[in-house]
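Fold and contact review
Each chain, written out:
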2 protein chains.
Amino acid sequence: MAPHIEKYDVIVIGAGPVGLLTSVCLSRWGYKVKHIDNRPVPTATGRADGIQPRTLELLHNLKLKRPIMAYDPARVFEVAFWDPAPGGKIIRTGTYPSCPSFLDARYPYTALLHQGLIERVMIDDLAKTGTHIERPATITRFKTNNADSNYPVEVDLKNLDSNVTTTYRAKYLFSGEGARSFVREQLQIQIRHKDPISYVWGVMDGVLRTNFPDIKMKCTIHSDHGSIMVIPRENNMVRLYIQIASSTDPDFDPRKTATVQEVQQAAQKIFQPYSCEWDRVEWYSVYPIGQGLADKYTLDNRVFMGGDVCHTHSPKAGQGMNTAFHDAVNFAWKIHHVESGFADRSILETYESERRAVADTLLEFDNKYAALFSKTQSAAGDEKAAAQANKDFVELFKANCEFTSGFGVAYAANIFNYTESSLPSLSQDLRNLILSHDKHEHKLRPGRVMPNSNVIRVVDANKAHLENEIPFNGSFRLFVYGGSTSSPKRGQHKLLSALSDNLLKSGSFYQRFMHKNHAKLDTHHDSDNPHSPFFSVALTLCARRPEIEIEDLPELFQAYRDHVYVDDSENAPNAKVANAKYGSHAKVGLVKNDSGDQAEGAVVVVRPDGHLGIAVKLTDGPETVEVLDAYFGQFLKQGEWNGENGSSWGSLLRQADTRLGGGAAYVKSLL
Amino acid sequence: MAPHIEKYDVIVIGAGPVGLLTSVCLSRWGYKVKHIDNRPVPTATGRADGIQPRTLELLHNLKLKRPIMAYDPARVFEVAFWDPAPGGKIIRTGTYPSCPSFLDARYPYTALLHQGLIERVMIDDLAKTGTHIERPATITRFKTNNADSNYPVEVDLKNLDSNVTTTYRAKYLFSGEGARSFVREQLQIQIRHKDPISYVWGVMDGVLRTNFPDIKMKCTIHSDHGSIMVIPRENNMVRLYIQIASSTDPDFDPRKTATVQEVQQAAQKIFQPYSCEWDRVEWYSVYPIGQGLADKYTLDNRVFMGGDVCHTHSPKAGQGMNTAFHDAVNFAWKIHHVESGFADRSILETYESERRAVADTLLEFDNKYAALFSKTQSAAGDEKAAAQANKDFVELFKANCEFTSGFGVAYAANIFNYTESSLPSLSQDLRNLILSHDKHEHKLRPGRVMPNSNVIRVVDANKAHLENEIPFNGSFRLFVYGGSTSSPKRGQHKLLSALSDNLLKSGSFYQRFMHKNHAKLDTHHDSDNPHSPFFSVALTLCARRPEIEIEDLPELFQAYRDHVYVDDSENAPNAKVANAKYGSHAKVGLVKNDSGDQAEGAVVVVRPDGHLGIAVKLTDGPETVEVLDAYFGQFLKQGEWNGENGSSWGSLLRQADTRLGGGAAYVKSLL
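Residues numbered from 1 in each chain as written. Chains lettered and ligands numbered in written order. Predicted model: local features only at pLDDT ≥ 70, side-chain atom pairs only at ≥ 80, totals over all residues. Heavy atoms only, no water.

As annotated in an unreviewed UniProt entry, chain A carries the name Phenol 2-monooxygenase and is attributed to Knufia fluminis.

This is the structure:
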């Protein structure tokens, strides 16, 4: 008899940011995850620490932001540029917002916290869903074969304490091993380097006593004695990045290093005329960096990679962990949609195409950034050249704020992200209903994140951030905007009734994936997924809250009672469209006139990761749903979904929340 | 040899809200606290649950709000009023904000969470400072005597598991035992009842399935079948309050009760025409209530009481726990100031005078509220009388929003709270500099909380809530407003230089309590208390952030580098004074002209609990500090403070924060 082999949905290698967030998502959605890491304990100190504005939004949507912010990270709102001054001194030449207001971020700052604490929040979350990280353990072999066609990946994991190697089978293997990846090596996937130039960097975290006035700001300091980047940290700490060597140096040695003392002495010189005395050093490291990008993120759509396995670059732009998080969620929801019978297996192709393009853009930026940083350094002594290099550096920084804050990520047109050449068989009449365009300024741009806006929830009169109201639950989000012509009174919602009727009509993309046996489900309190684990609906109406009665709304929306909102600028203002009567409609471009009191109705389809798919005008006939049928038809499974055996992901989530949230049992269990 | 007797600064009886918060404050400030509770485990469910807007501000200032909000309490923004309709049904007659915008609250909602979770946050905090709650244990005897004049209170505590009774000595005994208090009984302090009328209330927490549209709002429902108050709770729960009997009933029986089923049946009738089906009941209780107030809060300024020991009332206005928290902080900071040699012992008198007056006002309100609630009930059937009673009830509710939200608490004039008859020996010229008046609308009213405002911190460009920038550290807060005539440039701060020079001058109230040996202290990173544990200074300047260099400021303010802010309405707007150029100045009434670009300089003295003491105009001479010397002279100890042996409270706090906040050791210790 063959030995019993334990089977998992996904085996995750590596418990850094990308591996942990992949595990968190899939574990919450009920998948069986085997997760290992080769370190005996989580990251104790140092490493990645910058969480960018768009990542904060994502973490908030994942309900992970609050526990992270509870550790009181430093917050960077502005960046100060310091340049050489006469007498070997430095002088501040300017400051610039880290996330300028034109980006309209909900959280316009970078949060700085050491990676270990961020990991800890995710490890705590995994504990709630029962996923345990085995450590220290390593992967020693894997192959995809047909020994068990449901679990095609065979993986050997070796526990490094016991030295016992065990064979497992899984549907997927995900490598988040970091830059030195066994999986990538075995697959013989090449890392391409953007540029032959490479750098050696020193990084030091510690507590510094200084009268340097901007020690609590992010600073780039160029001086006659070298260059430093300053990043404030939690608990009065500061991080210094110092370039130790560049392959453009005449005497370049990639193994060049520097001691803590050497770096501190260099810092003291650069900081002149300011004092510089170290209370303690918490972490110090020297490492070579090049801009590398993996050729492929998967070969067979069974063994995947993400994070530093696929892309390495300099740490200065604070992008590493952020890119890793977005890799993780992009991977997780697609696996979820394939494995739960919602979407066609072909959607997995888009993981690599979407995420590799982002990494490519990042490397392009990082390459220019590192080169200019280096240039300002080598220009020291030549006043004019240095001034020009500094100016170029600041300009590059400003021009790239959108990208570095995370809002510049734009997934290219594909089955999820509509463009004019999508859906070729659609009639021109139907195509005219599509409102989303690649060129909209901060509005309905497919592949970009949905603009944020403030609304008021009807059932409890709470002020709400509309873009965050549907949690990261693996569902496509249908944000329905009622427009200004839908009266709030019963029977006078022509557009909304048409939408409701046509979504609930037999054969619609929405109806095909509805649970067939409602009685089995706790839909009363599962307000995110009352009908289906794949869709969540939020309705925003142009009205005052007291005008709305949920029971007067068309049938579909009654099931989403907790997701009905009013767009009422007087009581829930939206700063960027202060004059619009309907600010939430205005922020997605549905208001055409200046006073903002005439708004169009629309359905805005947002992917599970918050990126916009398509937006379609509401009509009083079947047309809106016809367009949506065509859109979802690009990747949905055909026929009826067998939801009888599916669990409600919303319920799963809620169970986890209850474990976290309260109740007598919780308090008793802890005390 | 006499047996060794363990000594404590304070012995606290009872680990409900008032006892826990007392312990949290005193433990953080380095006092040795013995804390017992007679229950074997903390509150598992039910009990108090409403945290009012002002209390949220206080908890935020104590760094306790974030962990409480992490439990995801329900938030009440509006109250709905439901009245009888024809056919035995109910109909919504109106809604009203729970905390209307004219109150200008930072958090304009009530947070609802069961008491056990709120207690847990404080128990966790105590663990960080090393205070442990012994349970189950009870107090069996206490007396004040001179056997040890430093520790005049002798207390016997009996462990209810071991039955061992131990004698302790303490400087103070604090009873937070709840309504049935051994300490109060032993002291023979009477409870006076506001009104002979008493009530029997039923309260039920549970998960309800209903199509009642306002189940997530706070509601008062009056129907022909009785009255109910609905309070939403965390985790889809709801709390119902039902009046079971009133002593005005013809057949009143104070021991009248009702079963869960009876209350549920009553609720079902009242909720008609809406459905009402219980998933589960989490907690149920029936209890008699009268409005009682203790004659005294202490007899000898050694044995004190607070919370329900001193005041009992109906739970409907959601005031119990809130009043308890404010009792606790009022008591704690005064004990701290006496025991650390800062203030005269006589200040302890103000604990009773301030807190008992608040309780008296609360009982007055509660009395009217309960009577009207009862009246609407008894008027059922008489349509006209019922309509009038309902109208009166709604009017009372609206009129009392300021009080119930916590912003109506106004401590009367005393040594801390300036009024025109204070400081009789002050010359008229100096008196003319005083800006605070009892009658200011939401501005500089002594005894009230300081208005909130938005500013930008200079050192890190963070947006900040000025009123919360100095934590609850036991210090008096000197909020210095620079006014519009102080140039940000070096040497051009005439008003600020005068203030700095005179505060640092030998013999000033500020200088007398400065640490004499700075070298011993970590003042570099202790930005809240660089000079003294009794004062924290925050400076707000009319300027743009890039215009300010800390090193250009007068000496005093350089020590408070992390507490220098700019008042810049363009970058940190203040909604209530949208047109003022200097919004933070405008919010405290320092801007006189319409365009808000001419602002006066002032020092606003705020007590450690956030209530305003006095506000004095800045002058370019010694006058401002002369007024402050007179103000502080009312309660400060004379002569020089021996700070050499004192620890820096700020450092203590920071140590606790570090234990909480991060660093390698923390992560390692937990994993």
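1. Section: the overall build of chain A
A count of helices and strands for chain A gives 17 helices and 27 strands. For chain A, the C-alpha radius of gyration of 26 Å lies close to 26 Å, the compact-globule estimate for 671 residues. Considering only C-alpha atoms, chain A reaches an extent of 80 × 75 × 60 Å along its principal axes. In chain A, buried positions account for 64% of the 671 residues. Sequence-distant contacts, at least 24 apart, represent 72% of the contacts inside chain A between residues at least 6 apart. For chain A, the computed accessible surface area is about 24,600 Å², with 48% contributed by carbon and sulfur atoms. Taking the average place of the 75 positive charges on the side chains of chain A and the average place of its 79 negative ones, the gap between the two points comes to 2 Å. (Helix = DSSP H or I, 4+ residues; strand = E, 2+ residues; numbered from the N terminus. Rg over C-alpha atoms; globule rule 2.2 N^0.38 Å. Buried < 20%, exposed > 50% of the residue type's maximum accessible area, 1.4 Å probe, protein only. Contact = heavy atoms within 4.5 Å. Areas by Shrake-Rupley, 256 points an atom, 1.4 Å probe, with all protein chains shown as cover. Lys, Arg positive; Asp, Glu negative; His and termini not counted. Charge placed at Lys NZ, Arg CZ, Asp CG, Glu CD.)

2. Comments concerning the domain arrangement of chain A
Size of an interface, as often reported, equals the accessible area lost when the parts are brought together. Residue and element names in this part refer to chain A. Its domain assignment divides chain A into domain 1 (6-72 + 112-191 + 296-365) and domain 2 (428-658). Summarising the inter-unit geometry, the C-alpha centres of domain 1 and domain 2 are found 31 Å apart. Each partner contributes to the interface: domain 1 provides 26 residues, whereas domain 2 provides 27 residues. Looking only at domain 1, the three residues that lose the most surface to domain 2 are W29, N61 and F342, adding up to 32% of its buried area. Where domain 1 touches domain 2, the interface holds one salt bridge. Across the salt bridge formed by E354 and R607, the nearest N and O atoms sit 2.7 Å from each other. On the surface where domain 1 and domain 2 come into contact, there are 13 residue pairs in polar contact (both at pLDDT 80 or more). Every element with two or more residues in the side of domain 1 that touches domain 2 is listed here: α1 (17-28), α2 (53-61), α4 (115-129) and α7 (320-339). Element by element, the count of residues in the side of domain 1 that touches domain 2 is highest for α7, at six residues. Classifying every residue of the side of domain 1 that touches domain 2 gives nine nonpolar, nine polar and eight charged. (Domains from an automatic or database assignment. Buried area = accessible area lost by both parts, 1.4 Å probe. Salt bridge = Lys/Arg side-chain N within 4 Å of Asp/Glu carboxyl O. Polar contact = N/O pair within 3.5 Å; in protein donor to acceptor, adjacent residues only side chain to side chain. Nonpolar A, V, L, I, M, F, W, Y, C, P; charged D, E, K, R; others polar.)

3. Thoughts on the sheet that holds strand β12 (residues 191-193) of chain B
Residues and elements named next belong to chain B. Pairing is antiparallel across the open sheet formed by three strands, whose spatial order is β12-β18-β20. Edge strands, defined here as strands with exactly one partner in the open sheet, are β12 and β20 (311-312). Across three bridges, β12 lies against strand β18 (residues 292-294) in antiparallel orientation. Counted as the bridge partner of I191 is A294 from β18. (Pairing = 2+ DSSP bridges.)

4. Digging into the packing of helix α1 (residues 17-28) of chain B against helix α7 (residues 320-339) of chain B
Residue and element names in this part refer to chain B. Taken N-terminus to C-terminus, the directions of α1 and α7 make an angle of 30°; their axes are 8 Å apart at the nearest point. The angle between α1 and α7 falls in the class roughly parallel. In the crossing of α1 with α7, the sense of the turn from one axis to the other is right-handed. On α7, the residues that touch P17, V18, L21, T22, C25 and L26 of α1 are M321, A324, F325, D327, A328, V329, F331, A332 and I335. Taken together, the residues that form the contact of α1 with α7 break down as 13 nonpolar, one polar and one charged. (Axes fitted to C-alpha atoms, helices over the stretch in contact; angles between N-to-C directions. Parallel < 35°, antiparallel > 145°, perpendicular 65-115°, else oblique. Left-handed = near helix turned anticlockwise from the far one by under 90°.)

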